[in-house]
Amino acid sequence: MFVAPHIEWAALSPVLILLGAAVIGVLVEAFVPRGSRRLVQVVVAALALGGALVAVTWRWTVVQQDGPSSLVAGALREDAPALLFQAILLILALLALLVIADRARGEDAFTPTASAIPGSEYEGQARRAGLAQTEVFPLTMFAVTGMLVFPAAADLLTMFIALEVLSLPLYLLAGMARRRRLVSQEASLKYFLLGAFSSAFFLMGLALLYGYAGSVHLADIATAVPLVSGMDGLLLAGSALVIIGLLFKVGAVPFHSWTPDVYQGAPTPITGFMAACTKVAAFAALLRFVYVVTPGLGWDLAPFLWIVAILTMVVGTVLAIVQTDMKRTLAYSSVAHAGFLLLGIIALDERGISGILVYLLAYGLATVGAFALVTLVRTKDAEGNLVGEAGHLSEWAGLGRRSPVLAVCFALFLLSFAGIPLTAGFTGKFAVFGAAVAGGDWPLVVIAVLASAAAAFFYVRIIVLMFFTEPATGEDGSATTVVRSEGLTAVAVVVCAVGTVLVGVVPTAVLAVAAQASKFLL
Amino acid sequence: MSILNYLVLSGILFAIGGTAVLVRRNAIVAFMGVELMLNAANLTLVTFARMHGDLTGQVIAFFVMVVAAAEVVIGLAIIVSIFRTRGSASLDDASLLKS
Amino acid sequence: MSIDLAAILIVAVPLASAGVLLLLGRRSDGWGHWLGVLASAASAVMAFVILFGLLGRGAEDRAVDVHLFSWIPAGELDVDAGFLVDPLSATFLLLITFVGTLIHVYAVAYMEHDDDRRRFFAYLNLFIAAMLILVLADSFALLFVGWEGVGLASYLLIGFWNQRTEYAVAAKKAFVMNRVGDMGLIIAMGAMFASIGSVDFETVFAAAPELSEGWATAIGIALLIGACGKSAQFPLQAWLGDAMAGPTPVSALIHAATMVTAGVYLVVRSGAIFEASPTAQLLVVIVGAITLVFGAIVGCAKDDIKKALAASTMSQIGYMMLAAGLGPIGYAFAIFHLLTHGFFKAGMFLGAGSVMHGMNDEVNMRGFGGLSRFMKVTWITFGLGWLAIIGFPGLSGFWSKDKIIEAAFVGEGWQPWVFGMVALLAAGLTAFYMSRLFFMTFHGKARWNDGKNEAPGPEQHPHESPLLMTVPMIVLAVGSLGLGAFLAFGDRFFHWLEPVTGHAEHHDPVIPIPVIMGATVVLMLIGVLLAWRQYWASSVPLMPPTGSVLTRAARRDLYQDSVNEAVFARPGTHTVRTLTYADTAVVDGAVNGLGAGAVGLGERLRKLQNGHVRSYSAAMSVGVVLVLVIVLVARI
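Being a predicted model, the structure only gives us computed values, none of them experimental.

Draft legend 1. Region of the structure containing the overall build of chain C. Counting secondary structure elements, chain C contains 24 helices and two strands. Considering chain C as a whole, with its 636 residues, one finds that 55% of them fall into the buried category. Across chain C, every contact between residues at least 6 apart in sequence was considered, and the portion connecting residues at least 24 apart equals 80%. If you sum the accessible surface of chain C, you get close to 25200 Å²; carbon and sulfur atoms cover 68% of it.

In structure tokens, the structure reads:
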């Protein structure tokens, strides 16, 4: 006899709000006249993110009172870590939405029609007619929905679905850049192909684990780990493959190859969104999987995780040092940060969870802020027309003199990346490294600190470039200019900057809240 | 009919799919390889469902099919847009972003 | 208002005012100086509130702890930021804020023609706040914050007119020499932590009697070095003369009344430590004695009125140090003299500023003479200060300096004789050079060009200064006149300080007191007479005559700069050069090698990212295979 599962609608409210907003967004595309489409989409998206944040806060108070619970027959789990990760995701998504929705000189960062052939007459007509690809907003909402489910997923199937729901819109969004369409399309293709490839590995791992445990619920797999014997190969191979699928999303070496190309090719607001939010979601899922299912396998999985972490930190840092493109540098730096975050995973310690939470918050704020600022720095040619974003590092020289506020904010974000004290990045690094030491992995911490020191080089190089170098004009008379947008980006940057400073100077509040997430309960 | 046969078969399919992704130059054929990998996983799931006497594996296989279909939609859209731009679906030509 | 609140406000108001004036910048130029004056005045009001609050309590109840916040909770070292309001700090609060406010008012008029007047007041307020933190701190750590703060303010104010390079250099010299002293204070704090485990006053002074003599001596000497730096005592005294490059209100406030007394405060406050180490105490007395003679000799040969007053300050602080080093009997006298000196020295500096104001900023006394007719108020107030400092019976200096000389004669063995005679003779020297200064400036024939005589130089029109300048001078002169008698009456000041300085046994000096008093008065009269003969009765040459070896040496500050150069600066530069070479060659070499390695590795790894999707998926597949191998094989 089939018994319908009880659905806790109230507990699912954040996800439902966003899903509803995404569906409404699609309907808006169909029914709302073109002129008002953009405004309606932005409002719907912003309200949905705000409403979901309120819902998450409400659920937090409920969970504080009643404790964690399983939802939808065990498919989702509502506990402190899940809610905190969701809250961070929503905050970062809201800030990223501000950047996505912003326009400079009437043009946003997205192509007027994604389906047009780049450089064709049709595309030119669409641009002159002022068309806008407003599907960006429902796509973003779908992606955020997937990201919200990811941390709360209590079985592997839900995790897989969430993974796909968050990835598919991102594949599309990566291909929608306004300028440099070829590069953008190529980024989209690479992301898609490699993403699908890694999803296949994830699925195979899921299948193997199912074979081992007879169930895909994380809790059941965890109980099956000590019980079942003789099929250890399945368990280990399955766990490894699942973790690899998640490591791809995170951008860990050797599964990181998509990161620089996709970050560079995608429209910059989407890059900021991806870099911050996918990492948060993916690390949340990775955290849940490793801490719930594989603590007993610590000995077996540790070697491979150690190697991945060390490689990621080293390769990310070393490759970032030799870059000449701004977005690519930031991409490799985010690979290095993934390495640092992996330390919190490897720690298998209570403090690892809170450490990763704080680090992700710090990293996310700085990332969204940094990429938001990158959208504002453009190249203009000899006649004064805007050509595109100032990609090459040398074009950023002397920015400190012409736009001091922008340069100072950017420097703040770079210092947060580098982990300089009094910025949020330092708090995050301190929390994660502390957790790693508590877990007994101090060699990793030593390497991490050395890598941080080396990484400081390329961050400071950019700061020196901005403040202590003369601005350069290209041979063709091109120069760098800071474009004035409608103001949403500025709001996002200010919030990120304030957040970075606050979490750095008075971290106790954030650390206290994160510490409450220290226990997953099965 | 031992379970092992099916597992080996799905392993072979998975390997073939993976090889197709690595070796074939045409984007669509590479994507077909990914689909093959997904279906190999489906086969594994169904096999294990049979082994455990559980229906969960088969249900998951359904979900995977739906997801694969959605992925095809997105994937082909991307590949077609590239094809229309360049006139070829060769993966090797798409290498503007490097190092 | 409670004492706690007053203690917080007394620091917060000038600090906030400094912040406002600096942040608002040019916009506050029109009214900034009045804000500065108000802030200082508010602090003075708070100081009186605290004074009356303390007076209202019984004598045993006069130490108020104001806990501010937990500052450095670093495991074993737990330092809380807090204020200690007791009679000693209250005395200083009154001195700093009262004299400070008067000088603020004076500076409104003195700096009237300066465009940067608002910035000047911001720095003055900053100084007041830092100095108040210094005297209110309840731990050496917080005291150090105030210590550094006044050092910073002093640097900013000495070099205020930094358009002139020599002024900026003077500021730098003051700062660097202060740093040397600060090192002593830091070492002292380190030693305190190592031996006692804490740096707050309560714990340290309670543990001081138990300290081994070695530790106590080490801490004492380190504290003394710190005090020497800040108070311009030998051997760190070379910066005070150069510090006169700053505007006169700065010289009056910082380098006469307050900052230079911080060293004396430190020694008196740390009395418990010095009492645990007779060696350190003796060293304090010796340093004080040397400095007081040094300052007196240099003061005899200086023609710059401000530098002469600076040498006098150095010498008088030598007196205070000497008293402080004598132990419990001397502490109260040192503070008493500090108070009276604050009034008459600040008054004389303001008077010097007034003279300079009227004589077109001329500072060379050889270009003065006969000014008493033209600047009556300045002449009278300066004169009262002069009488006080030479120890004329009845005025404040008489009460305070004589007590020190008497205390110097107390003791056994050679010490009372040596120190007593030094103090006594220096009193005579003080009378000589201060009278020289007074007579050269205000009496005798006018050596300046008044349009009628044939004196060289541009025509001068000396005139009295405006009210805003003369009123503070008058108030300070009243203090010079009566403060000493008021405080000495019935020993009320010493009873007031007793909770802090401890009760001192009364010993008799080796020479009877009336003899000492008589000798002091006689020496004073001889000094005044000699000065009268040379600088009033006879004409003063316009160019300094060659003079004896000692005179020439004194003009060159007893070669202090050459000594510093040879002993410290040159070897120091040598050491730095060697270290820089080592740094560049070894450390930089290692770091650059690492960097080059990273870049090389990066360039090689770059080639892996060749832009082809298939290569990326190949890398991923290899990764997967390797991972599976590691995970599965490890199991086996």
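There's more to say after this.
Draft legend 2. Focus on the overall build of chain A. If you tally the helices and strands in chain A, you get 20 helices and five strands. In chain A, buried positions account for 66% of the 522 residues. Across chain A, every contact between residues at least 6 apart in sequence was considered, and the portion connecting residues at least 24 apart equals 80%. For chain A, the accessible surface area stands at approximately 17000 Å², while carbon and sulfur atoms represent 69% of it.

Draft legend 3. Seen up close, the environment of Asp-115 of chain C. All names here are of chain C. Mapped onto the fold, Asp-115 is located in the loop between helix H3 (87-110) and helix H4 (117-136). Separated by 89 residues in the primary sequence, Asp-115 and Arg-26 place their C-alpha atoms 9.6 Å from one another. Other than its neighbours up to four places away in sequence, Asp-115 contacts Arg-26 and Asp-29.

Draft legend 4. Expanded view of helix H5 (residues 136-152) of chain A. The end-to-end C-alpha separation of H5 of chain A is 25 Å, in line with the 24 Å expected for 17 residues at 1.5 Å each. Most of H5 of chain A is tucked away: 16 of the 17 residues are buried.

Draft legend 5. Region of the structure containing unusual backbone geometry. Residue Pro-254 of chain A follows Val-253 of chain A across a cis peptide bond; omega there is -5 degrees. With an omega of 0 degrees, the peptide bond between Phe-234 of chain C and Pro-235 of chain C qualifies as cis. In this fold, Pro-235 of chain C is placed in the loop between helix H8 (213-231) and helix H9 (239-242). Of note in this structure, Val-72 of chain A is not a glycine but carries a positive phi near 45 degrees. Structurally, the position occupied by Val-72 of chain A is in the loop between strand E1 (69-71) and strand E2 (76-78). Since its relative accessible area comes to 23%, Val-72 of chain A is described here as partly exposed.

Draft legend 6. Representation of the interface of chain A and chain B within the structure. Counting residues at the interface gives 44 residues for chain A and 42 residues for chain B. Across the interface of chain A and chain B, roughly 3700 Å² is buried in total on both sides, 79% from carbon and sulfur atoms. At the boundary of chain A and chain B, one finds one salt bridge. For the salt bridge of Glu-186 of chain A with Arg-86 of chain B, the shortest nitrogen-to-oxygen distance reads 3.8 Å.

Draft legend 7. Quick look at the pattern of salt bridges. This model, assessed by the stated rule, comprises 27 salt bridges over all chains. Asp-108 of chain A is paired through a salt bridge with Arg-38 of chain A; the nearest N and O atoms lie 3.7 Å apart. Of this pair, Asp-108 of chain A sits in the loop between helix H3 (80-101) and helix H4 (121-128) while Arg-38 of chain A sits in helix H2 (residues 34-66), placing them 70 residues apart in sequence. The same class applies to Asp-108 of chain A and to Arg-38 of chain A, which are both buried. Residue Arg-436 of chain C pairs with Asp-303 of chain C through a salt bridge whose shortest N-O separation is 3.0 Å. Here Asp-303 of chain C lies in the loop between helix H13 (278-301) and helix H14 (305-325) and Arg-436 of chain C lies in helix H18 (residues 415-442), a separation of 133 residues in the sequence. According to the relative accessible area criterion, Asp-303 of chain C is buried, its value standing at 12%. Beyond isolated ion pairs, a larger network of salt bridges with shared partners links Glu-186, Lys-190, Asp-261 and Arg-328 of chain A together with Arg-86 of chain B.

Draft legend 8. Fine view of the sheet that holds strand E5 (residues 479-482) of chain A. Residue and element names in this part refer to chain A. Spatially, the three strands line up as an open sheet ordered E4-E3-E5, and their pairing is antiparallel. Taken across any chain shown, the strands that pair with only one partner, and hence form the sheet edges, are strand E4 (386-389) and E5. Put simply, the sheet's adjacent strands are angled 40 degrees from each other on average, direction ignored. Across three bridges, the pairing between strand E3 (residues 377-380) and E4 is antiparallel. Looking across to E4, one finds that Thr-379 is bridged to Gly-388.

Draft legend 9. Quick look at the interface of chain A and chain C. Residue-level contacts link 36 residues of chain A with 23 residues of chain C. Roughly 2500 Å² of surface becomes buried between chain A and chain C when both sides are summed, with 78% attributable to carbon and sulfur atoms. Taken together, the links from chain A to chain C amount to zero salt bridges. Sorting the residues of the side of chain A that touches chain C by element identifies helix H7 (181-213), helix H9 (232-250), helix H10 (258-265), helix H12 (298-321) and helix H13 (326-347) of chain A as the ones contributing at least two each. At nine residues, H12 of chain A tops the list of elements feeding residues into the side of chain A that touches chain C. Partitioning the side of chain A that touches chain C into residue classes produces 24 nonpolar, six polar and six charged.

Draft legend 10. Representation of the packing of H13 of chain C against H18 of chain C within the structure. Residue and element names in this part refer to chain C. Closest axis-to-axis distance for the H13/H18 pair is 9 Å, and the angle between their directions is 25 degrees. As the angle between them shows, H13 and H18 are arranged roughly parallel. As for how H13 packs across H18, the hand of that crossing is left-handed. Taken together, the residues of H18 that come into contact with H13 (itself represented by Leu-282, Val-285, Ile-286, Ala-289, Leu-292, Val-293, Ala-296, Ile-297, Gly-299, Cys-300 and Ala-301) are Gln-415, Phe-419, Val-422, Ala-426, Leu-429, Phe-432, Tyr-433 and Arg-436. When its residues are assigned to classes, the contact of H13 with H18 shows 16 nonpolar, two polar and one charged.

Draft legend 11. Local environment of the environment of Lys-327 of chain A. Residue and element names in this part refer to chain A. Tracing the chain through its elements places Lys-327 in helix H13. Between the C-alpha atom of Lys-327 and that of Thr-271, which follows or precedes it by 56 residues, the distance is 8.8 Å. Not counting residues up to four positions away in its chain, the partners in contact with Lys-327 are Tyr-263, Gln-264, Ala-266, Pro-267, Thr-268, Thr-271, Phe-371, Val-374 and Glu-389. A polar atom in the side chain of Lys-327 sits 2.9 Å from the backbone oxygen of Ala-266.

Draft legend 12. Quick peek at the packing of aromatic side chains. Residue and element names in this part refer to chain A. As enumerated under the stated definition, the model contains 39 aromatic pairs over all chains in all. Where Phe-197 meets Phe-201, the ring centres are 5.0 Å apart and the plane angle is 70 degrees; that geometry is what we call edge-to-face. Placement of both Phe-197 and Phe-201 in helix H7 is noted, with a separation of four residues, approximately one turn of the helix. The pair formed by Phe-197 and Phe-201 is uniform in burial state, with each residue classed as buried.

Draft legend 13. A look at the confidence of the model for chain C. Here chain C averages 85 in pLDDT, and 98% of its residues register 70 or above. Of the two predicted TM-score estimates for the complex, the pTM is 0.67 and the ipTM is 0.96.

Draft legend 14. Molecular detail of the nonpolar core. One finds Phe-150, Leu-156, Phe-273, Leu-343 and Phe-410 of chain A to be the most contacted residues of the largest nonpolar core, which totals 240 residues. Phe-150 of chain A has contacts with Met-159, Ala-162, Leu-163, Leu-166, Leu-246, Ala-281, Ala-282 and Ala-285 of chain A, leaving out every residue within four places of it along the chain.

Draft legend 15. Focus on the side chain of Thr-375 of chain A. Residues and elements named next belong to chain A. Mapped onto the elements, Thr-375 comes out in helix H14 (residues 350-376). Take Thr-375: its relative accessible area is 7%, and that puts it in the buried class. Apart from the residues lying within four places of it in its own chain, the contact partners of Thr-375 are Val-99, Thr-268, Pro-269, Glu-389 and Thr-489.

Cut-off values and rules
- Residues numbered from 1 in each chain as written.
- Chains lettered and ligands numbered in written order.
- Predicted model: local features only at pLDDT ≥ 70, side-chain atom pairs only at ≥ 80, totals over all residues.
- Heavy atoms only, no water.
- Helix = DSSP H or I, 4+ residues; strand = E, 2+ residues; numbered from the N terminus.
- Buried < 20%, exposed > 50% of the residue type's maximum accessible area, 1.4 Å probe, protein only.
- Contact = heavy atoms within 4.5 Å.
- Areas by Shrake-Rupley, 256 points an atom, 1.4 Å probe, with all protein chains shown as cover.
- Expected span 1.5 Å × (residues − 1).
- Buried area = accessible area lost by both parts, 1.4 Å probe.
- Salt bridge = Lys/Arg side-chain N within 4 Å of Asp/Glu carboxyl O.
- Pairing = 2+ DSSP bridges.
- Axes fitted to C-alpha atoms, helices over the stretch in contact; angles between N-to-C directions.
- Nonpolar A, V, L, I, M, F, W, Y, C, P; charged D, E, K, R; others polar.
- Parallel < 35°, antiparallel > 145°, perpendicular 65-115°, else oblique.
- Left-handed = near helix turned anticlockwise from the far one by under 90°.
- Polar contact = N/O pair within 3.5 Å; in protein donor to acceptor, adjacent residues only side chain to side chain.
- Phe/Tyr/Trp six-rings, centres within 6.5 Å; stacked < 30°, edge-to-face > 60°.
- pLDDT = per-residue confidence, 0-100.
- Core = buried A, V, L, I, M, F, W, Y, C linked by side-chain atoms within 4.5 Å.

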